[in-house]
Amino acid sequence: ETVLERFLPDERATLRLGEDLALALRRGDVLALHGDLGAGKTTLARSLIRALAGDPELEVPSPTFTLVQVYEGRLPIQHFDLYRLSSEEELDELGFDDALEQGAALVEWPEKAGHRMPQTAIRVELSEEGDGRRVRIVAPDPAAGARISRSFA
Ligand code: ADP
Ligand code: MG
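Residues numbered from 1 in each chain as written. Chains lettered and ligands numbered in written order. Predicted model: local features only at pLDDT ≥ 70, side-chain atom pairs only at ≥ 80, totals over all residues.

Draft legend 1. Local environment of the overall build of the protein. A tally of regular secondary structure across the protein gives five helices and seven strands. The linear arrangement of helices and strands in the protein, starting from the amino end, is β-α-β-α-β-β-α-α-β-β-β-α. Compactness check: the protein gives a C-alpha radius of gyration of 14 Å against a globular reference of 15 Å for 153 residues, within 12% of the reference. Seen through its principal axes, the protein has C-alpha atoms that stretch 40 × 30 × 30 Å. When each of the 153 residues of the protein is scored for burial, the buried share is 41%. For the protein, the share of sequence-separated contacts (at least 6 apart) that also reach a separation of at least 24 residues comes to 65%. (Helix = DSSP H or I, 4+ residues; strand = E, 2+ residues; numbered from the N terminus. Rg over C-alpha atoms; globule rule 2.2 N^0.38 Å. Buried ≥ 20, exposed ≤ 12 C-beta atoms within 10 Å, placed from the backbone. Contact = placed C-beta atoms within 7 Å.)

Here it is as structure tokens:
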């Protein structure tokens, strides 16, 4: 298990982290984005998706109501926001399990998926600290942890 931690003093630092993580991601990686409302999950996801898509101006709406948005890029990216998920059956309708295998997946409110989140998912925990945010990244898989450590330097 790899654990990394960093203080993100401003929004720019969160955007930069998204760009760094984009370099580390491989097919099949799942990022579980933990944090309260306003912690910066969508900001991070947006930056990561733009970097993977190679388009800094790509529209990346929060998938609060659609639950998922799909993007093409260096690898396909599925951006989930499960805040409004009402049942586990809804995960089946979204094709959640297959989606996680197709490319990279970013999941906001992963606790809503319960045991359906893979054990190997990379946890990204965001919390408010003063005017900024603290991020803690936990990668259970050593290979994924090593990739992320390199891009996190
Ligand atoms: P979430 O998706 O977790 O609800 P958002 O990504 O919508 O949160 O971000 C909420 C607010 O936090 C945005 O206004 C964003 O600019 C701000 N924010 C993001 N990262 C930081 C940071 N490191 N320091 C201060 N503000 C930040
Ligand atoms: Mg959000």
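Picking up after the structure, the text goes on.
Draft legend 2. Structural detail: unusual backbone geometry. Phi at Leu67 takes a positive value of approximately 70°, unusual for a residue other than glycine. Residue placement: Leu67 occurs in the loop between helix 2 (41-53) and strand 3 (68-71). The backbone of Trp109 sits at a positive phi, close to 55°, despite the residue not being glycine. On the secondary structure map, Trp109 appears in the loop between strand 5 (104-108) and strand 6 (122-129).

Draft legend 3. Spotlight on the site of ligand 1. With respect to spatial proximity, 15 residues lie near ligand 1, and among them Leu8, Gly40, Lys41, Thr42 and Thr43 are the closest. Within the residue set of the shell around ligand 1, elements represented by two or more residues are helix 1 (11-24), helix 2 and strand 7 (132-139). (Near = placed C-beta within 6 Å.)

Draft legend 4. Structural context of the packing of helix 1 against helix 5 (residues 142-152). Axis separation between helix 1 and helix 5 bottoms out at 8 Å; the angle between their running directions is 140°. In terms of orientation, helix 1 and helix 5 fall into the oblique class. Judged by the twist between their axes, the crossing of helix 1 over helix 5 is right-handed. Every residue of helix 5 that contacts helix 1 at Asp20, Leu21, Leu23 and Ala24 is listed here: Arg147, Ile148, Ser151 and Phe152. Here the contact of helix 1 with helix 5 is built from residues that sort into five nonpolar, one polar and two charged. (Axes fitted to C-alpha atoms, helices over the stretch in contact; angles between N-to-C directions. Parallel < 35°, antiparallel > 145°, perpendicular 65-115°, else oblique. Left-handed = near helix turned anticlockwise from the far one by under 90°. Nonpolar A, V, L, I, M, F, W, Y, C, P; charged D, E, K, R; others polar.)

Draft legend 5. Quick look at the pairing of strand 5. Here strand 5 lies mainly inside the structure; five of its five residues are buried. Judged by which residues are buried, strand 5 turns out to be covered on both faces: Ala104, Leu106 and Glu108 on one side and Ala105 and Val107 on the other are all buried. Of the pairings in the sheet, the one linking strand 2 (residues 30-34) to strand 5 comprises four bridges and is parallel in character. Note on strand 5: the bridge partner recorded for Leu31 is Leu106. (Pairing = 2+ DSSP bridges.)

Draft legend 6. Expanded view of the sheet that holds strand 3. An order of 1-7-6-2-5-4-3 is seen for the seven strands of this open sheet, with the pairing classed as mixed. This sheet does not close on itself; its edge strands, each paired only once, are strand 1 (2-8) and strand 3. Between one strand axis and the next, the sheet turns through 15° on average, direction left out of account. Note that strand 4 (residues 77-81) and strand 5 share five bridges and pair parallel. Pairing of His79 across the sheet is with Leu106, part of strand 5. Sheet contacts for helix 5: strand 1, strand 6 and strand 7; angle to strand 1, the most-contacted strand, approximately 30°.

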